[in-house]
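As a plain string of letters, each chain reads:
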Amino acid sequence: MRRLLIALVLVLSACSAGGQDGPTTVTFWDNNGGPGRTPIYQELIKRFEAANPDIKIEYVGIPSSSVQQKYDTAIAGGSTPDVGGVTTSYLAHLVGQDALEPADDRIENGALKDKLLPGLLETVRQTAPDGKLYAVPASGNMDIIWYRSDRFEENKIPEPATWDDLTKAAAQLTRPADNQYGFTIRGGAGSVFQLLSEAYSYSGVEKFYDGGKSTVADPRNAELVRKVAELYKKATPEADVNNSYTQMVAQFTGGTVAMMHHNLGSTADVMKALGPERVAAMPLPKGPSGKRTVVPNPTDGFAVFKGGKNRDASWKFVEFLTSAESNGYWNEKVGQIPANTDVRGAEWIQKNPAVKMALGVLEDPATVLVPAPVYLPEYSSITKTDTEPLYQKVLLGQMSAQEFLDQLAAKLTTAQQDWEKRK
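The rules we used
- Residues numbered from 1 in each chain as written.
- Predicted model: local features only at pLDDT ≥ 70, side-chain atom pairs only at ≥ 80, totals over all residues.
- Heavy atoms only, no water.
- Pairing = 2+ DSSP bridges.
- Helix = DSSP H or I, 4+ residues; strand = E, 2+ residues; numbered from the N terminus.
- Axes fitted to C-alpha atoms, helices over the stretch in contact; angles between N-to-C directions.
- Contact = heavy atoms within 4.5 Å.
- Domains from an automatic or database assignment.
- Salt bridge = Lys/Arg side-chain N within 4 Å of Asp/Glu carboxyl O.
- Polar contact = N/O pair within 3.5 Å; in protein donor to acceptor, adjacent residues only side chain to side chain.
- Buried < 20%, exposed > 50% of the residue type's maximum accessible area, 1.4 Å probe, protein only.

A. Layout of the sheet that holds strand β9 (residues 280-283). Reading across the sheet, the three strands line up as β8-β5-β9 and stay open at both edges, with antiparallel pairing between neighbours. If you trace the sheet from one side to the other, it starts and ends with β8 (259-263) and β9, each paired once. Between one strand and the next, the sheet's axes are offset by a mean angle of 35°, whatever the strand orientation. Looking at chain direction, strand β5 (residues 143-147) and β9 are connected through four bridges and run antiparallel. The residue of β9 that forms the bridge with tryptophan 146 is alanine 281. Those strands touched by helix α9 (residues 191-203) are β5 and β8, and its axis lies near 105° from that of β8.

B. Summary view of the domain arrangement of the chain. Per the domain assignment, the segments making up the chain are domain 1 (24-140 + 297-361) and domain 2 (143-296 + 368-421). Measuring from the centre of the C-alpha atoms in domain 1 to the corresponding centre in domain 2 gives 29 Å. Opposite the 18 residues of domain 1 that make contact, domain 2 presents 19 residues. Linking domain 1 with domain 2 are zero salt bridges. Taken together, the links from domain 1 to domain 2 amount to two residue pairs in polar contact (both at pLDDT 80 or more). Here the element with the most residues in the side of domain 1 that touches domain 2 is helix α16 (residues 353-363); it accounts for five residues.

C. Quick look at helix α14 (residues 324-334). Here α14 has its buried residues at Ser326, Asn327, Gly328, Tyr329, Trp330 and Asn331. The inward-facing, buried residues of α14 abut α2 (38-51), β4 (136-140), α13 (311-321), β12 (337-338) and α15 (347-350). Positive phi appears at glycine 335, one or two residues downstream of α14, with a value of about 70°.

D. The environment of proline 377, seen in detail. Looking at the secondary structure, you find proline 377 in the loop between β13 (368-369) and α17 (379-386). By relative accessible area, which is 60% here, proline 377 ends up exposed. The sequence separation of proline 377 and tryptophan 419 amounts to 42 residues, and the corresponding C-alpha distance is 8.4 Å. When near neighbours in sequence (up to four residues on either side) are disregarded, proline 377 contacts Trp419 and Arg422.

In structure tokens:
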């Protein structure tokens, strides 16, 4: 009996020592896993583990199309990761399930204090109903106009500063007989988010909601929708009514059109096809108000899940990923806006005019951010399934711009009011 007790003590001691000496494992879900991003994370994880041999990162790459469903399943089953990549497009959905830890105190008392771009912090805070920071922003994006700088120079046309300048330039650069058009409209999948970005950049309206009522139907927004619709088939290809991102980029990189509204995400495609000597980027033009109003794209970041087992190690990993060196490495590879302000002077930013320009806009205190209500569960279906076909009717002259925006605003108002009741 005495021998059995000694043996048991020895076994328990060995188990205890092994658990104490072995590395802590942090499970990390990449919310957009694939050949473009996975190798970047693999390199960063290698660097982190070398600097922190007591922590092991277990990487899981998940396609962006299924990540929200994966998170929902994990939350329901009590098997969430320790750390997850998230965007503000579904952050509120996770917060509503009480799945995430607020990051406010960790940032305030850690190395990231005063090191994160205020504009990106604000877009994350505005996503949560209680105004807390449930994700640490890592990467931002911004809608821009790509334009053929060589054609502008050849025709002695300056970079457009206003929407009136842009529509005038589009007409000047259109030569249908040569299959040359000044602009391309995204009339198919994904069209309405881009259109709303254009409308608010023109109108100068500073809030998406005023007293719980959507401002989408503001007459100044309708004025911009009319201006864009009037370009269709006159200064744009006829196929634009059905164009998604893929067709739109193909027209621009193939040389058919001189201007395209997209975002920094198309940098690699544009630069590979045309090169910096033939293409440049500018912010969406201003309207008659002269104000710079920007509807921000969803912000990428990292969240720590309440169901995770290793909170301190998890936060250490998040702090590493958003440190100046790691954040700069990541955003240089993907061509987006770094959240860490210490990256601002990096050499690669000086060599990337599009990112440098976007940073300048977001850092300008005069810029007004007008976040879209991506936190609404119905937002995607309203702006895509319900509204994209109606926008095509506007382009085809079958519906007025004001009627189109009135219908969209009514649905967004109802969705907001329902959300407020649930909240």
